[in-house]
Structure formats: C-alpha cells, structure tokens
Amino acid sequence: NAGVMQNPRHLVRRRGQEARLRCSPMKGHSHVYWYRQLPEEGLKFMVYLQKENIIDESGMPKERFSAEFPKEGPSILRIQQVVRGDSAAYFCASSPLKTSGRGYEQYFGPGTRLTVT
Amino acid sequence: SQQGEEDPQALSIQEGENATMNCSYKTSINNLQWYRQNSGRGLVHLILIRSNEREKHSGRLRVTLDTSKKSSSLLITASRAADTASYFCATEWSSASKIIFGSGTRLSIRP
C-alpha cells in the first residue's frame, strides 16, 4: 500500500507565478489535510478536505490560496501570484474515515518544498 | 495561537540516556498525538493517546496524559543516535475535526 504521495518534491517559482502542489492520499483514505512549515517551526494547519468538500479552511490565507479534492484525482493546493513569504515546506496528510470517539492518526507525505525567487 | 506547546524547545543528551519532552495545551481535546520529523522529511506518527487514557507505551516510548493539567509527556528510554529528530505533539480538539501541532522539540543524541 503506497503511502501519501506528493509532487513535486521541490518547486521553484518566480514572484507572481502560480504554484500547484499535488497530494494523493493513501488508498482508502477519504480525508486530506494541508500544512505549511517554515524553517525551524512547527506545522501550521491550513485546510481540511474530504472528497469534493472543504470541511475547514480556517488556516488558509484569505487571498491567493485555494485547495480542492475532486471526486477523481489528487488534492491540489494552489497558490496564485506567489510572493517570497510563501517559501516553505507544504505537507499533505491523509487519514481514514473517522470512527466517532476513536480518534485517528494522520499519515504524512514527504512534502513539497516551495522556493519563491 | 498554537494549541500545543512543547518544552523544551531543544534537548541534547548522551546516547543511552532517557529523553523527556513535555507538551501543554489549552482547550478540551479528544486525543493527543506525538510525531517525529527527521530533518527535511515528512512526519511520522509515533503514538496516539485518548483523553480517557493516562499512559501508553510503544517500544521505548512512553506517553502520559494529564487532562487536569492539560499536559502530556513523551519519554524515550535508552536513546539512540537514530532518535535525533524534532518531536511534535498534536491535539485533536473536541470542537473541531482537525489536529493542531505545537512548535516542536529538537532532540539531539550525542554519541
């Protein structure tokens, strides 16, 4: 069973370009989460999605950032008109359907390191 | 603000010694999880402890949870060089279906 896949692993964009980060969850997992990590810092929650549904986007910047998890295909985190401050590692995690009261663990992908020049 | 805060921020110990990291949080939780991150890599889930549990073991790892103090500790016994990594606690809130990570403890094991 393949783990969570993210691509690309490294992405370089010039200021003003768009960045698209892809995440394929583990087989059978219906929940996807995106996190951002700045150097020497912890992970900051961005968004939580299920298929065709955004459940919680409270950590997403209001502008330029969007996320989707279509019925078919990977989840996409899209950053428009990137700025230098967007440079970070972006991690995706997936989890299985949560059973009420039991809690769940998240399985992380290797991350995409975005560098904005 | 972050839900979980680890203490200390950095810890350096001799190989073979025990390492203890602490995590404090602020609101009511369903469970608390510990993760490890090796430099430049993704996170690896270590252990999950539910709010009605007080202690859990997994190999050389021992996790405790004190909901009255809103704190947890991770103990790694007989540390090895391969334990060098950052360790994060993450809390699943009772009121929302997401987990929030702390800022991590950077553990270094000296040979």
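Below or above, wherever it landed, is the structure these notes cover. (Residues numbered from 1 in each chain as written. Chains lettered and ligands numbered in written order. Predicted model: local features only at pLDDT ≥ 70, side-chain atom pairs only at ≥ 80, totals over all residues. Heavy atoms only, no water.)

## Topic: the side chain of S75 of chain A
Residues and elements named next belong to chain A. For S75, the position within the fold is in strand 8 (residues 75–79). For S75, the side chain forms a polar contact with the side chain of W34, separated by 3.0 Å. Here the side chain of S75 touches E68 through a polar contact of 2.9 Å, landing on its backbone oxygen. Leaving out residues up to four positions away in the same chain, S75 has contacts with L21, R22, C23, V32, W34, L49, E68 and F69. (Helix = DSSP H or I, 4+ residues; strand = E, 2+ residues; numbered from the N terminus. Polar contact = N/O pair within 3.5 Å; in protein donor to acceptor, adjacent residues only side chain to side chain. Contact = heavy atoms within 4.5 Å.)

## Details of the interface of chain A and chain B
On the side of chain B, 23 residues touch chain A, which itself brings 24 residues to the contact. Summed over both sides, the interface of chain A with chain B buries roughly 1800 Å², with 48% coming from carbon and sulfur. Taken together, chain A and chain B are joined by zero salt bridges. Linking chain A with chain B are two residue pairs in polar contact (both at pLDDT 80 or more), by the criterion used here. Every element with two or more residues in the side of chain A that touches chain B is listed here: strand 4 (31–37) and strand 5 (43–50) of chain A. (Buried area = accessible area lost by both parts, 1.4 Å probe. Salt bridge = Lys/Arg side-chain N within 4 Å of Asp/Glu carboxyl O.)

## Brief notes about the state of the cysteines
One pass over the structure, following the stated rule, counts two disulfides over all chains. The disulfide partner of C23 of chain A is C92 of chain A, and the S-S distance across this bridge is 1.7 Å. Disulfide C23 of chain A-C92 of chain A: torsion about the S-S bond near -50°, hence left-handed. Here C92 of chain A lies in strand 9 (residues 88–95) and C23 of chain A lies in strand 3 (residues 19–24), a separation of 69 residues in the sequence. Given a relative accessible area of 0%, C23 of chain A falls into the buried group. A relative accessible area of 0% means that C92 of chain A is categorised as buried. In this model, C23 of chain B is linked to C89 of chain B through a disulfide, with the two sulfur atoms separated by 2.0 Å. Residues C23 of chain B and C89 of chain B are joined through a disulfide that is right-handed, its torsion about the S-S bond being 60°. Placement of the pair is C23 of chain B in strand 3 (residues 19–24) and C89 of chain B in strand 9 (residues 85–93), with a sequence separation of 66 residues. (Disulfide = S-S within 2.5 Å. Buried < 20%, exposed > 50% of the residue type's maximum accessible area, 1.4 Å probe, protein only.)

## A few points about the pattern of salt bridges
Residue and element names in this part refer to chain A. Enumeration according to the criterion identifies seven salt bridges over all chains in this entry. The partner of E18 in a salt bridge is R20, with the nearest N and O atoms 2.8 Å apart. Judged by relative accessible area, which is 29%, E18 ranks as partly exposed. The partner of K44 in a salt bridge is E41, and the shortest N-O contact between them spans 3.9 Å. Looking at E41, the relative accessible area reads 34%, which means it is partly exposed. The network of salt bridges with shared partners includes E18, R20 and R78.

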